[in-house]
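Breakdown of the fold
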Amino acid sequence: MTGRRVAVATFAALVQAQSVWAHEDGDAVASAPSSWDGAVMLLLLTAAMMYLVGTLQLRRRGAHVRTVERAAFWIGWLSMFAAVSPRFDAAAALAFSSHMAQHELLMLIGAPLMIVGRPILPWLWALPTRVRPAAAVGLQSRALSGLWR
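So, here's what we can say about the structure. (Residues numbered from 1 in each chain as written. Predicted model: local features only at pLDDT ≥ 70, side-chain atom pairs only at ≥ 80, totals over all residues. Heavy atoms only, no water.)

**Description of the overall build of the chain**
In terms of regular secondary structure, the chain is built from nine helices and zero strands. Counted from the first residue to the last, the chain has its helices and strands arranged as α-α-α-α-α-α-α-α-α. Per-residue burial over the chain gives 26% buried out of 149 residues. In the chain, of all internal contacts separated by at least 6 residues, the share reaching a separation of at least 24 is 68%. (Helix = DSSP H or I, 4+ residues; strand = E, 2+ residues; numbered from the N terminus. Buried < 20%, exposed > 50% of the residue type's maximum accessible area, 1.4 Å probe, protein only. Contact = heavy atoms within 4.5 Å.)

**Quick word on the pattern of salt bridges**
Between side chains of opposite charge, a pair can form as their charged atoms come close. For the structure on display, the rule yields two salt bridges. The closest approach of N and O atoms between Arg66 and Glu69, which form a salt bridge, is 3.7 Å. With relative accessibility at 48%, the residue Arg66 sits in the partly exposed group. Its relative accessible area of 8% is what places Glu69 among the buried residues. The closest approach of N and O atoms between Arg118 and Glu69, which form a salt bridge, is 3.4 Å. Here Glu69 lies in helix α4 (residues 67–83) and Arg118 lies in the loop between α6 (96–116) and α7 (120–126), a separation of 49 residues in the sequence. (Salt bridge = Lys/Arg side-chain N within 4 Å of Asp/Glu carboxyl O.)

**Description of a nonpolar patch on the surface**
A cluster of nonpolar side chains, namely Met49, Leu52, Val53 and Leu56, defines an oily patch on the protein surface of about 340 Å² accessible area. Within the element layout of this structure, Leu52 appears in helix α3 (residues 35–60). Classification of Leu52 as partly exposed rests on a relative accessible area of 39%. (Patch = residues over 30% accessible without salt bridge, like charges linked within 9 Å, V, L, I, M, F, W, Y side chains within 5 Å. Areas by Shrake-Rupley, 256 points an atom, 1.4 Å probe, with all protein chains shown as cover.)

**Section: the environment of Ser85**
For Ser85, the position within the fold is in the loop between α4 and α5 (86–94). Considered as a pair, Ser85 and Gly38 are 47 residues apart in the sequence and their alpha carbons are 9.1 Å apart.

**Concerning α5**
Among all positions of α5, only Asp89, Ala90, Ala92 and Ala93 are buried. The arc enclosing the buried residues of α5, seen along the axis, measures out at 160°, which places them on a common side. (Arc of directions from axis to C-beta.)

**As for the nonpolar core**
Of all hydrophobic cores here, the largest spans twelve residues; its members are Met41, Leu44, Ala48, Tyr51, Leu58, Val65, Phe73, Trp77, Met80, Val84, Met114 and Trp125. The set of elements that each furnish at least two residues to this core consists of α3 and α4. With five residues, α3 is the single largest residue contributor to this core. Not counting chain neighbours up to four residues away, the residues in contact with Ala48 comprise Phe73, Trp74 and Trp77. (Core = buried A, V, L, I, M, F, W, Y, C linked by side-chain atoms within 4.5 Å.)

**Overview of the packing of α5 against α6**
One can describe the packing of α5 onto α6 by two numbers: an axis separation of 5 Å at closest approach and a directional angle of 130°. By the criterion of interaxial angle, the relationship of α5 to α6 is oblique. The two elements α5 and α6 meet at a crossing, and its hand is left-handed. For the pair α5 and α6, the contacting residues are Phe88, Asp89, Ala91, Ala92 and Leu94 in the first and Phe96, Ser98, His99, Ala101, Gln102 and Leu105 in the second. For the contact of α5 with α6, the per-class residue count stands at seven nonpolar, three polar and one charged. (Axes fitted to C-alpha atoms, helices over the stretch in contact; angles between N-to-C directions. Parallel < 35°, antiparallel > 145°, perpendicular 65-115°, else oblique. Left-handed = near helix turned anticlockwise from the far one by under 90°. Nonpolar A, V, L, I, M, F, W, Y, C, P; charged D, E, K, R; others polar.)

If you want it as C-alpha cells, here you go:
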C-alpha cells in the first residue's frame, strides 16, 4: 500500500470513528447505578460495619487494633467507596481518564491500605460467638492460607 492510500484509509477511519466508552454506553451509565455497583457498595458497607464492630469488641476485651492499622483500613475503605460511588462511576464511564483514576484508586490506594489495616481479626470478632471458631479454622485451611500468601 502506498503512503497516500494509508493516509486516505486512516483519514476515513478517523472520520467514521465513534466515541469509545470505558465499559459501556455512556447514556445508560449516566442514568442510574447498576445492580453491580449497588452490590459492591453493599459489600464495602458490610466490611466497614464488621471492622467497626470487631474493633469495638476487641477494645471491650482489653485488646486493641493499632492506630496505624485502623487509619490505613479507613483511608483505604474511603478511597474504594469513593471510587465506586455513583458520581465517580458515571464520570468513569464517560471519560477514559476518570476510568483510569478509578482503577488507580482501587488497585494502588484502596486495596493495599485495607490489607495494611489487617481486617481479618476485627472481622472475625464481629461474627457471633458460635460462628467465630469455625470461621477461624476455615481461614487457617491450607488452600485459603496459600491463596492469601
